[in-house]
Amino acid sequence: MTSISDFIHRFQLQLPVRSAYSAHNPRNAAVLLPIICKPEPTLLFTQRSANLRAHAGQIAFPGGAADPEDTSLIATALREAEEEVSLPQNKVQILGQLAPLDSIGGYCVTPVIGLISEPISFRTNPAEVAGIFEIPLSDALTLPHYRYLDIKRRNRQQRVYFYWHQEHMIWGLTAAIIYRLAQQVQKTA
């Protein structure tokens, strides 16, 4: 899979991968998986500020907790992306969502897939984001690149995914989201 049209076709025609358990956390959050439509499509990531209380310095997608004024979790993802990396909401074409996942922070996180076709000048909000970078979509969606560790946390078995790209280690919920997306688009009909 190398083209954006192939990705869209596979994403839209495959049933979502269901996890072994359903999300149970009571608080809602959403993240945007911004796919930049270049000749070789890329996926945009953020590195969280080192000054944040939770998940400082980790690799993530733009996103956060739902606010009462958000009309949907898509609206949450778009608002957060605009706040964190100055991505104008009207420049994102929403492709769809993945099934929500529970975070260790107590949130039910809904991943939202968005396409960005125009050149955008991203500006990070330094209070939240230390930096941004892109990974080729085909690389991020290659299942053999992922490793995992099974751990027991709060008397429940959990699988923690890891993925290295150059100097960036992507792990935890962010890696689990990409892994789930990769599973969905790699299936053959």
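Reference entry: report on the structure contained in this document. (Residues numbered from 1 in each chain as written. Predicted model: local features only at pLDDT ≥ 70, side-chain atom pairs only at ≥ 80, totals over all residues. Heavy atoms only, no water.)

## Re the overall build of the protein
When its secondary structure is counted, the protein shows four helices and eleven strands. Split into buried and exposed, the 189 residues of the protein put 45% on the buried side. Of the contacts made within the protein by residues no fewer than 6 positions apart, 64% connect residues no fewer than 24 positions apart. Counting every atom, the protein has about 10,000 Å² of accessible surface; 51% of that belongs to carbon and sulfur. (Helix = DSSP H or I, 4+ residues; strand = E, 2+ residues; numbered from the N terminus. Buried < 20%, exposed > 50% of the residue type's maximum accessible area, 1.4 Å probe, protein only. Contact = heavy atoms within 4.5 Å. Areas by Shrake-Rupley, 256 points an atom, 1.4 Å probe, with all protein chains shown as cover.)

## Quick look at the sheet that holds strand 9 (residues 147–153)
Two strands in a sheet stick together by hydrogen bonds in their backbones, pointing the same way (parallel) or opposite ways (antiparallel). Taken in spatial order, the three strands line up as 9-10-11 in an open sheet, and their pairing is antiparallel. What marks the edges here is a single partner per strand, and that holds for strand 9 and strand 11 (168–171). Neighbour-to-neighbour, the strand axes of the sheet open up by a mean angle of 25°, direction not taken into account. Both strand 10 (residues 156–165) and strand 11 contribute to a ladder of four bridges, which runs antiparallel. Along strand 11, the bridge assignment pairs W164 with M169. (Pairing = 2+ DSSP bridges. Axes fitted to C-alpha atoms, helices over the stretch in contact; angles between N-to-C directions.)

## So, the packing of aromatic side chains
Taken as a whole and judged by the stated rule, the model has seven aromatic pairs. The interplanar angle of 25° and the centroid separation of 4.9 Å between the aromatic rings of F45 and F61 together place this pair among those described as stacked. With F45 in strand 2 (residues 42–48) and F61 in the loop between strand 3 (59–60) and strand 4 (63–65), this pair connects stretches of sequence that are 16 residues apart. Judged by centre distance (5.5 Å) and plane angle (15°), the ring pair of F45 and F133 falls under stacked. Placement of the pair is F45 in strand 2 and F133 in strand 8 (residues 129–136), with a sequence separation of 88 residues. Look at F133 and you get buried, because its relative accessible area is 11%. Taken together, the aromatic side chains of Y146, Y148, Y161, Y163 and Y179 make up a single cluster linked through ring pairs. Over the ring of Y107 we find R27; its NZ or CZ atom is 4.2 Å from the centre of that ring. Above the face of the Y148 ring, R159 is positioned so that its terminal group lies 3.6 Å from the ring centre. (Phe/Tyr/Trp six-rings, centres within 6.5 Å; stacked < 30°, edge-to-face > 60°. Lys NZ or Arg CZ within 6 Å of the ring centre and 35° of its normal.)

As far as function goes, none of this settles anything; it's purely spatial.
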